[in-house]
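# Coordinate analysis (summary)
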2 protein chains.
Amino acid sequence: MSHSYDEQLDRLTGVLAAMSREAAGAIRGASAALLNGDRAAAETVVRGDAVLNGMRDDVHAAIPQLLVRLQPVAGDLRLVLCAMRIAGDLERMGDLAVHIAEVALMRHPVTVVPEPAVDVMTAMADAAARIADKTSVVLSTRDQLDAMQLGLDDDEVDAAQARLLAMLVSAWPYGVESAIDLALVGRYYERYADHAVNVARQVVYLVTGTIRL
Amino acid sequence: MSHSYDEQLDRLTGVLAAMSREAAGAIRGASAALLNGDRAAAETVVRGDAVLNGMRDDVHAAIPQLLVRLQPVAGDLRLVLCAMRIAGDLERMGDLAVHIAEVALMRHPVTVVPEPAVDVMTAMADAAARIADKTSVVLSTRDQLDAMQLGLDDDEVDAAQARLLAMLVSAWPYGVESAIDLALVGRYYERYADHAVNVARQVVYLVTGTIRL
């Protein structure tokens, strides 16, 4: 059965939307593992990463075929090319959620986040989850204003990471290992958010033909 | 003046080779800043990042045009698509070198690397520089065996990062701030090497049409 031009492009964006939902689920699971010691959630995130990797591989394998078969130009060509980079960003978001889940698993049943850091880490986790959800929305609506909103949540993640680092270097009583865990976890959230912003930036490029975010 | 099909593809690979040399120079400069307190080297790395960003943007802008103009298929299509991802990886390598240079600048004239960590950090810096050089070579020779060699240097970077973290968590006498600096710098080298391996993986795909590394 052959599929129309539009069907093939719709299928491509459908996979990207599914990937973004996976990436959003992964960061939520990782945060539950980190903040509530939810071991099952951590294991689900780690196991689930293969799904995102497979979807990324599918997208990358489909791109050359779509280019040859559909010979897209202008906006459709941008869509196909952006899909390649968006799939890469979403797959990395999954990896970073896995890194966070792995830190939680490594220390389980001891919590990675001692009481004084719970607020700042929760702020980071919440902002990352919001960014993930907005990324899913932006991928389906392609709304430029929504896409630009992601920058604000990203600023929140960065600000939380700065607060966290400031806390760690001023008389942190839980030792060096705990400080390193938290600094790296903060870095993983930061990169997760950066990749989400990259996705939004690609969507803006898709729609407008120029990058500006 | 119009250019032949081959000239246009050669120009594309020429930009990638130039990018890989920039990325190699950047990690060498960052390591000199980190290990020898070379402030001028750090500033050169930070300033130089715009060059890599510009080259990445040029590559990304050229891809849709090349696809429409040349209508490449098979290996040439793979080359054009891989160029997009390779340019992305090389640009990120530059960013990571900048992160390392920035840590050195932030602490200057105090060294980020106290005596006990010099050996392991030097091992990491050397392996990263070797990987960078091999990436440049692989981009021009497209030799699969060379490409697969990169994995070994990457293992060395990962092993050095593991040694570094083990050292930091066992009675590190230089404080939490120093430990966080070093853990993050180790992470930046690790990611630098990962992106180099990604480039090599793309080159193998380019040549063989399958990813295996």
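Residues numbered from 1 in each chain as written. Chains lettered and ligands numbered in written order. Predicted model: local features only at pLDDT ≥ 70, side-chain atom pairs only at ≥ 80, totals over all residues. Heavy atoms only, no water.

### Here's the deal with the overall build of chain A
- The helix and strand inventory of chain A stands at 6 helices and 0 strands.
- Helices and strands appear in chain A in the N-to-C order α-α-α-α-α-α.
- The C-alpha radius of gyration computed for chain A amounts to 19 Å, which stays within 12% of the reference 17 Å derived for 213 residues, consistent with globular compactness.
- Along the first, second and third principal axes, the C-alpha atoms of chain A reach 60 × 35 × 20 Å.
- Per-residue burial for chain A yields a buried fraction of 54% across its 213 residues.
- If you take every contact in chain A between residues at least 6 apart in sequence, the share linking residues at least 24 apart comes to 81%.
- Summed over its atoms, the accessible surface of chain A is roughly 8900 Å², and 54% of this surface lies on carbon and sulfur atoms.
- Counting 19 positive and 29 negative side-chain charges, chain A places the centres of these two groups 4 Å from one another. (Helix = DSSP H or I, 4+ residues; strand = E, 2+ residues; numbered from the N terminus. Rg over C-alpha atoms; globule rule 2.2 N^0.38 Å. Buried < 20%, exposed > 50% of the residue type's maximum accessible area, 1.4 Å probe, protein only. Contact = heavy atoms within 4.5 Å. Areas by Shrake-Rupley, 256 points an atom, 1.4 Å probe, with all protein chains shown as cover. Lys, Arg positive; Asp, Glu negative; His and termini not counted. Charge placed at Lys NZ, Arg CZ, Asp CG, Glu CD.)

### Examining the interface of chain B and chain A
- At the junction of the two partners, chain B supplies 27 residues and chain A supplies 27 residues.
- Across the chain B/chain A interface, buried area totals approximately 2400 Å², and carbon plus sulfur atoms make up 73% of it.
- Viewed at the interface, chain A and chain B are joined by 0 salt bridges.
- Inspection of the region where chain B meets chain A yields 3 residue pairs in polar contact (both at pLDDT 80 or more).
- Here the side of chain B that touches chain A takes 10 residues from helix α6 (residues 175–208) of chain B, the largest share from any one element. (Buried area = accessible area lost by both parts, 1.4 Å probe. Salt bridge = Lys/Arg side-chain N within 4 Å of Asp/Glu carboxyl O. Polar contact = N/O pair within 3.5 Å; in protein donor to acceptor, adjacent residues only side chain to side chain.)

### Observations concerning the environment of Ala17 of chain A
Residue and element names in this part refer to chain A.
- With respect to the helices and strands, Ala17 occurs in helix α1 (residues 5–36).
- Judged by relative accessible area, Ala17 falls into the buried class, the value being 14%.
- Distance from Ala17 to Glu102, taken between C-alpha atoms, is 25 Å for residues 85 residues apart in sequence.

### Remarks on the nonpolar core
- One finds Tyr189 of chain A together with Tyr189 of chain B to be the most contacted residues of the largest nonpolar core, which totals 154 residues.
- Not counting residues within four places of it along the chain, the set of residues in contact with Tyr189 of chain A comprises Ile27, Ser31, Leu34, Ile100, Met121, Met124, Ala125, Ala128 and Val157 of chain A. (Core = buried A, V, L, I, M, F, W, Y, C linked by side-chain atoms within 4.5 Å.)

### Some details on the relation of the copies chain B and chain A
- Between the two copies, chain B and chain A, the superposition gives an RMSD of 0.0 Å; the rotation angle is 180° and the shift along the axis is 0.0 Å. Both copies are brought into coincidence by an operation consistent with a two-fold rotation axis.
- Comparing interface residues between copies, 100% of those in chain B also sit at the interface in chain A, which points to an isologous, same-surface contact. (Least-squares fit on C-alpha atoms with pLDDT ≥ 70 in both.)

### Details of the UniProt feature "domain: PhoU" (unreviewed entry) in chain A
Residue and element names in this part refer to chain A.
- UniProt marks residues 18–103 and 123–203 with the feature "domain: PhoU" (unreviewed entry), using the numbering shown here.
- Structurally, residues 18–103 comprises 94% helix and 0% strand, and the distance from its first C-alpha atom to its last is 26 Å.
- Secondary structure across residues 123–203 divides into 91% helix and 0% strand, with the first and last C-alpha atoms of the span separated by 26 Å. (UniProt positions renumbered as here; feature names shortened; annotations may be inferred.)

### So, the packing of aromatic side chains
Residue and element names in this part refer to chain A.
- This structure, assessed with the given rule, holds 2 aromatic pairs over all chains.
- Arranged with centres 4.9 Å apart and planes meeting at 55°, the rings of Trp172 and Tyr174 form a pair that is tilted.
- Since its relative accessible area comes to 40%, Tyr174 is described here as partly exposed.
- Directly above the ring of Tyr205 sits Arg78, whose terminal nitrogen or CZ lies 5.8 Å from the centroid. (Phe/Tyr/Trp six-rings, centres within 6.5 Å; stacked < 30°, edge-to-face > 60°. Lys NZ or Arg CZ within 6 Å of the ring centre and 35° of its normal.)

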